[in-house]
Amino acid sequence: MFTLTPLEVEALRLSLWVSGWAVVASLPCGVFCAWLLARRQFPGKSLVDGVIHLPLVLPPVVVGYALLVLFGRRGVIGAWLYDVLGITLAFNWKGAALASAVISFPLMVRAIRLSLENVDQGIEAAAATLGAGPFRVFFTVTLPLAMPGVLAGIILAFARSLSEFGATITFVSNIPGETRTLPLALYALTQVPGGEAPAFRLCVISVLIALATLVISDALSRRIDRRLRG
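This section reports on the structure supplied with the text. For clarity, every value in this text was computed on a predicted model and none was experimentally measured.

1. Overview of helix α4 (residues 78-85)
Within α4 the residues assigned to the buried category are Gly-78, Ala-79 and Leu-81. Buried residues of α4, viewed axially, fall in a sector of 165°; they line one side. Just downstream of α4, Gly-86 is the residue with a positive phi angle, here 70°.

Now the structure itself:
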């Protein structure tokens, strides 16, 4: 019987916790950015699009260093957060969630944007002519019709957060019980003698979780799509 060791349980628990918060915290902004790119034309739209998708092409270590400069204890934003609100992001799980959210954000936005672009705007216009305001149209018509894409974005961001390594280790280091997620635990095991077998187990666990996440995402997206099509 496959039994998880305390180290594996700790790394898995922390990974799920960090990834969950990364998705929850970034989802409202992701939906807004996707809607903005899908439905609005404005000066500098290409630049905004490029900035949102920049983490896809930058080395994760660069993203982690930028987060350290911005959100470190004495960073541009981090100093204000610490001095005014008493919040520290560097070298704890909250910083790991921030790093995961930044890295996975472009995948979330891209999936939601594609779904919004496929929503028939004629249906939105019809709802508006019946007296529904912009917010009501969005939450009762647009968002439900785009839900398969929203769900896909959530799952993709969650899966990417689970696998995040470079930005996390640069921004919050590799602290057992605090920032050592599955990828960081696997890396730590490869650096010590006799760590090959535990590292392989973590690798298998990571693959199984990622595969299960994608399968569940596809199944839920198909189910929601069937319901929307009646």
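2. Side note on a nonpolar patch on the surface
Taken together, the side chains of Leu-54, Leu-56, Val-57, Leu-58 and Val-62 make up a nonpolar region of the molecular surface, amounting to roughly 400 Å² of accessible area. Of all the elements, helix α2 (residues 45-57) adds the most residues to the nonpolar patch, at three residues. With respect to the helices and strands, the residue Leu-54 is situated in helix α2. Classification of Leu-54 by relative accessible area gives partly exposed; the value is 39%.

3. Details of the environment of Leu-68
Tracing the backbone shows Leu-68 in helix α3 (residues 60-71). Take Leu-68: its relative accessible area is 27%, and that puts it in the partly exposed class. Counting along the chain gives 99 residues from Leu-68 to Ala-167, while the straight-line C-alpha distance between them is 9.5 Å. Those residues in contact with Leu-68 that sit more than four places away from it in its chain are Ala-90, Phe-91, Thr-170 and Phe-171.

4. Here we look at the nonpolar core
Judged by nonpolar contacts, the single largest core of 18 residues is most densely connected at Ile-52, Val-109, Ile-112 and Leu-116. Broken down by secondary-structure element, the contributors of at least two residues to this core are α1 (6-39), α5 (93-117), α7 (134-145) and α8 (147-162). Broken down by element, this core gets its largest block of residues, six residues, from α1. Apart from the residues within four sequence positions on either side, Ile-112 is in contact with Leu-27, Gly-30, Val-31, Ala-34, Gly-149 and Val-150.

5. Structural notes on the pattern of salt bridges
Counted according to the given criterion, the structure contains six salt bridges. Of the charged contacts in the structure, one is a salt bridge between Glu-8 and Arg-201, with a shortest N-O distance of 2.6 Å. Highlighted residues: Glu-8 in helix α1 and Arg-201 in helix α11 (residues 196-229), separated in sequence by 193 residues. For Glu-8, a relative accessible area of 3% corresponds to the buried category. Judged by its relative accessible area of 24%, Arg-201 is partly exposed. Two residues, Asp-49 and Arg-113, come together in a salt bridge whose shortest N-O distance is 3.3 Å.

Definitions and cut-offs
- Residues numbered from 1 in each chain as written.
- Predicted model: local features only at pLDDT ≥ 70, side-chain atom pairs only at ≥ 80, totals over all residues.
- Heavy atoms only, no water.
- Buried < 20%, exposed > 50% of the residue type's maximum accessible area, 1.4 Å probe, protein only.
- Helix = DSSP H or I, 4+ residues; strand = E, 2+ residues; numbered from the N terminus.
- Arc of directions from axis to C-beta.
- Patch = residues over 30% accessible without salt bridge, like charges linked within 9 Å, V, L, I, M, F, W, Y side chains within 5 Å.
- Areas by Shrake-Rupley, 256 points an atom, 1.4 Å probe, with all protein chains shown as cover.
- Salt bridge = Lys/Arg side-chain N within 4 Å of Asp/Glu carboxyl O.
- Contact = heavy atoms within 4.5 Å.
- Core = buried A, V, L, I, M, F, W, Y, C linked by side-chain atoms within 4.5 Å.

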